[in-house]
Amino acid sequence: MNHGTNGQPGLRFAAEGMWSQQKLLSAGLTIHSFFFCPDCAYSLEAVQLAEKMIHAAGEVYLISKKVLEKLGDRDKPDGFLSISEMPIITAQELILPDNAMVMVLDGLESPGNIGTILRSCDGAGVDAVLICNSKVRLTHPKLIKASMGAAFVVPLVCFAAAEHCVEWLVSRGYEIYLADSSAEDSYTTVVYRRCNKALVAGSERYGLSEAWNRTRAGIRKVSIPMHGICDSLNVGIAASILIYEISTKCSKG
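So, a few notes on the structure that sits alongside this text. No experiment lies behind these values; they were computed from the predicted model shown.

1. Structural notes on the pairing of strand 2 (residues 31-36)
In terms of residue burial, strand 2 counts as a mostly covered element, since six of its six residues are buried. As defined by bridge partners, strand 2 adjoins strand 3 (residues 59-62) across four bridges and the pair is classed as parallel. Bridge pairing in strand 3 links Phe34 to Val60. As a crossover connection, the stretch from strand 2 through helix 2 (residues 44-56) into strand 3 is right-handed.

Okay, here's the thing in structure tokens:
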């Protein structure tokens, strides 16, 4: 059995397509197995990428188009599929800079939303994503696909419960912003200071865990104004808007 850097069994996931393999190589992830179908590779670029994957992977398998279609999830496979290891670390291993910015996902239930948020966090320069009260397998194909490679490079830390995550943030002096559609403060009116800060997004169905409301130190609720008939945005969209706002305002000092 493979083990991650913290001595715990590593989380393996499937990555399909040339684009994903290029991202895996650039991220330097461990590639355990590479499945290649020559019949689906039609370009010189594909051949060159296959050579790189063959050298990088621990095990290599040549498979038929029929087998690839059964293993993969694409209508028109391009010949590439691999098994790699998700780079999840422990809170003790996480090294963050001064004025760190982290995203906290509490009880999210859609792998696509988590993948979208990881993609936005990568773009906004978020230093880490903390996941608590997890309802989703982090190796879910929809999460990997929606992240567009961000799941390979954004540091991920899992907490067993929201209480542990709250304690970790508070003990390190983080200012905590809770995404709450009922909050009186609009996200555009808040002054975001250059300090350690965390944005927390919760489940669309159940909201945030009660642990966040029990902790008053350095916590502020923010909302996105809604001008139509809907009372809130999809959590992936809302988190992306908020994290970019915080990142942009803090980068201006």
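That shown, we press on.
2. Some thoughts on the packing of helix 4 (residues 111-124) against helix 8 (residues 235-251)
In contact at an axis separation of 9 Å, helix 4 and helix 8 are set at 15° when each is read in the N-to-C sense. When the axes of helix 4 and helix 8 are compared, the pair comes out roughly parallel. Relative to helix 8, the crossing made by helix 4 is right-handed. The residues of helix 8 that touch helix 4, namely those facing Asn113, Thr116, Ile117, Ser120, Gly123 and Ala124, are Val235, Gly236, Ala239, Ser240, Ile243, Tyr244 and Ser247. Here the contact of helix 4 with helix 8 is composed, by residue class, of six nonpolar, seven polar and no charged.

3. Concerning helix 2
The end-to-end C-alpha separation of helix 2 is 19 Å, in line with the 18 Å expected for 13 residues at 1.5 Å each. Burial in helix 2 covers these residues: Ala46, Leu49, Ala50 and Met53. Along the axis of helix 2, the buried residues cluster in a sector spanning 105°; they form a single face. Turned more than 90 degrees from where helix 2 packs its buried face, Leu44, Lys52 and His55 sit exposed. Against helix 1 (18-27), strand 2 and strand 4 (80-86) lie the buried residues of helix 2.

4. Observations concerning helix 1
Side chains three or four residues apart in an α-helix point the same way, a direct result of the helix having 3.6 residues per turn. When we look at burial in helix 1, the residues that qualify are Met18, Ser20, Gln21 and Leu24. Summarising the axial view, the buried residues of helix 1 lie within an arc of 160°, below the 170-degree limit, and thus occupy one face. The secondary structure elements touched by the buried residues of helix 1 are strand 1 (11-16), strand 2, helix 2 and strand 4. Gly28 sits one or two residues past helix 1 and shows a positive phi near 75°.

5. What to know about the packing of helix 1 against helix 2
As a packed pair, helix 1 and helix 2 sit with axes 11 Å apart at the nearest point and diverge in direction by 45°. With respect to their mutual orientation, helix 1 and helix 2 come out oblique. Here the hand of the crossing between helix 1 and helix 2 comes out left-handed. Between helix 1 and helix 2, the residues in contact are Met18, Gln21, Gln22 and Leu25 and Glu45, Ala46, Leu49, Lys52, Met53 and Ala56, respectively. Of the residues that constitute the contact of helix 1 with helix 2, the class distribution is six nonpolar, two polar and two charged.

6. Looking at empty space enclosed by the protein
Summed over all chains, the structure comprises one cavity of 30 Å³ or more. When its volume is computed, the largest cavity comes out at roughly 30 Å³. Lining the largest cavity are Leu105, Gly107, Leu108, Ile114, Ile131, Cys132, Asn133, Ser134, Lys135 and Leu138. Split into classes, the residues belonging to the lining of the largest cavity amount to six nonpolar, three polar and one charged.

7. Here's the deal with the pattern of salt bridges
Throughout the structure, instances matching the rule amount to seven salt bridges. Arg74 is paired through a salt bridge with Asp78; the nearest N and O atoms lie 3.4 Å apart. We note a salt bridge from Arg220 to Asp185, for which the minimum N-O separation is 3.0 Å. Of this pair, Arg220 sits in strand 11 (residues 219-222) while Asp185 sits in the loop between strand 9 (175-179) and strand 10 (197-202); the two residues are 35 residues apart in sequence, bridging distant segments of the chain.

8. Some thoughts on the layout of surface pockets
The calculated volume of the largest pocket comes to roughly 560 Å³. Around the largest pocket, the lining comprises 21 residues; the ones closest to its centre are Glu16, Ser20, Arg74, Pro141 and Lys145. Breaking the lining of the largest pocket down by element, the ones donating at least two residues are strand 1, helix 1, strand 4 and helix 5 (141-147). Here the lining of the largest pocket gets four residues from one element, more than from any other, and that element is helix 5.

Rules of the game
Residues numbered from 1 in each chain as written. Predicted model: local features only at pLDDT ≥ 70, side-chain atom pairs only at ≥ 80, totals over all residues. Heavy atoms only, no water. Buried < 20%, exposed > 50% of the residue type's maximum accessible area, 1.4 Å probe, protein only. Helix = DSSP H or I, 4+ residues; strand = E, 2+ residues; numbered from the N terminus. Pairing = 2+ DSSP bridges. Right-handed = clockwise from strand over helix to strand, strands pointing away. Axes fitted to C-alpha atoms, helices over the stretch in contact; angles between N-to-C directions. Parallel < 35°, antiparallel > 145°, perpendicular 65-115°, else oblique. Left-handed = near helix turned anticlockwise from the far one by under 90°. Contact = heavy atoms within 4.5 Å. Nonpolar A, V, L, I, M, F, W, Y, C, P; charged D, E, K, R; others polar. Expected span 1.5 Å × (residues − 1). Arc of directions from axis to C-beta. 1 Å grid on protein atoms, 1.4 Å probe; cavity = no way out; pocket = protein on both sides within 12 Å on 5 of 7 lines; lining within 4 Å. Points joined across faces, edges and corners; volume = space filled by probe spheres on them. Salt bridge = Lys/Arg side-chain N within 4 Å of Asp/Glu carboxyl O.

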